[in-house]
Amino acid sequence: MPRVPSHLRERALGMLQGGMRTADVARAINCNVRNVRRLRQRYRETGQTADRPRSGRPRVTTPAEDRYIRTSHQQDRYRMATTTARVIPGTHNPSISAQTVRNRLREAGLKACRPVVRQVLTRRHRQQRRLWAQTHRRWTRQDWQKVLFTDESRFCLTRGDGGIPIYHQRIEPYAEACTLERDRFEGGGSVMVWGGVSQHHRTELVVIAGNLNAVRYREDILLPHVVPFLQAHPDMTLQHDNATSHTARSVRDFLEDRNVSVLPWPEKSPDLNPIEHVWDLLDRRVRARAIPPRNVQELAGALVEEWGNISQQELANLVQSMRRGCTAVLNAAGGHTRY
């Protein structure tokens, strides 16, 4: 972990004594939250902010290699730290570690790209995706603007540092030495929301209490929100994925009784749904707020507020990209796309 300069340690201590959260202090001085926690713990134990003694081991990279690390990741934002570590020889070792690359980037205020964890697509999934893309690739913008894209998403209220691991014996999980003092608002929690977007319209953002099942999906979402929306726009088609709460028999019968047209959807295809980009945009806007939410109630309110602040033109641009998404699926032979 990069060493925090002495003037920043004094500044961080003043922020902590002023009542700021450790995550906010770490963000202000551009360091890891664990460094701030260790600084506070060291000040409580020793009464000073002097850094811990180091081994004196020389720096593993040269200034030229540090510049190369920064410029290579600025030129390629999809470059991973492991890729850079393989091509840079270390000063004392055959190669440097990926953590060294991350440390150098953190010193410059940058972050390395993390590999994407994707769903496993079987041969049947690829065939379904390819057939669906072949069927809908000739749809025009007028066809796609008649589709209401819907989905649910869960937004987490994270602590920011992922927690600090504490090792203990089985017989002493709650010993005093194995517990940490936590700040008042640094708890967890999450909020699940549902929403629908189209090229010219959007639904309300619905905050779902608890987990979503078929009964709650029918009574809390379809009946009060989807059915009135489709009755006001009778030429539109409903799109939802193949979650069990969507494909339950009671839900299918409910939609058939009300003559709701449902767009067939291939399994394991979140990259084809433009509302996934809306969730990402919504998450970034909530995290970029001047005063971030500190509990689930504030998180739910921030999500509803930022949902209304998204311009309709941004939603229209996402819907208009459906033709390009179908082409990307065909080019990938039914596999994953960058959408």
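As recorded in an unreviewed UniProt entry, the protein chain goes by the name Tc1-like transposase DDE domain-containing protein, listed as coming from Oncorhynchus mykiss.

For the protein chain, the helix and strand inventory stands at 15 helices and 4 strands. Expressed as a percentage of its 339 residues, the buried residues of the protein chain come to 40%. Surface accessibility of the protein chain: about 20,300 Å² in total, with carbon and sulfur atoms responsible for 49%.

Attention shifts here to the packing of aromatic side chains. One pass over the full model with this rule turns up 6 aromatic pairs. Among the aromatic side chains, those forming a connected cluster through ring pairs are Trp132, Trp139, Trp144, Phe149 and Trp265.

It is worth spelling out the packing of helix α4 (residues 63–75) against helix α6 (residues 98–107) at this point. The axes of two packed helices give the description: the angle between them and the distance between them. Following both chains from N to C, one finds α4 and α6 inclined at 80 degrees, their axes separated by 10 Å at the closest point. In terms of orientation, α4 lies roughly perpendicular with respect to α6. On α6, the residues that touch Asp66, Ile69, Arg70 and His73 of α4 are Val101, Arg104 and Leu105. When grouped by side-chain class, the residues that make up the contact of α4 with α6 number 3 nonpolar, 1 polar and 3 charged.

The subject of this paragraph is the nonpolar core. Formed by 31 residues in total, the largest nonpolar core has its most connected members in Trp132, Trp144, Trp279, Leu282 and Leu303. Elements with a minimum of two residues in this core: α7 (123–136), β1 (147–156), β2 (190–197), α12 (275–287), α13 (296–309), α14 (312–320) and α15 (322–331). By residue number, the principal contributor to this core is α12, which donates 6 residues. Core analysis: the next-biggest nonpolar cluster, separate from the first, contains 21 residues, Trp194, Ile208, Met236 and Val251 among them.

Conventions and cut-offs
Residues numbered from 1 in each chain as written. Predicted model: local features only at pLDDT ≥ 70, side-chain atom pairs only at ≥ 80, totals over all residues. Heavy atoms only, no water. Helix = DSSP H or I, 4+ residues; strand = E, 2+ residues; numbered from the N terminus. Buried < 20%, exposed > 50% of the residue type's maximum accessible area, 1.4 Å probe, protein only. Areas by Shrake-Rupley, 256 points an atom, 1.4 Å probe, with all protein chains shown as cover. Phe/Tyr/Trp six-rings, centres within 6.5 Å; stacked < 30°, edge-to-face > 60°. Axes fitted to C-alpha atoms, helices over the stretch in contact; angles between N-to-C directions. Parallel < 35°, antiparallel > 145°, perpendicular 65-115°, else oblique. Contact = heavy atoms within 4.5 Å. Nonpolar A, V, L, I, M, F, W, Y, C, P; charged D, E, K, R; others polar. Core = buried A, V, L, I, M, F, W, Y, C linked by side-chain atoms within 4.5 Å.

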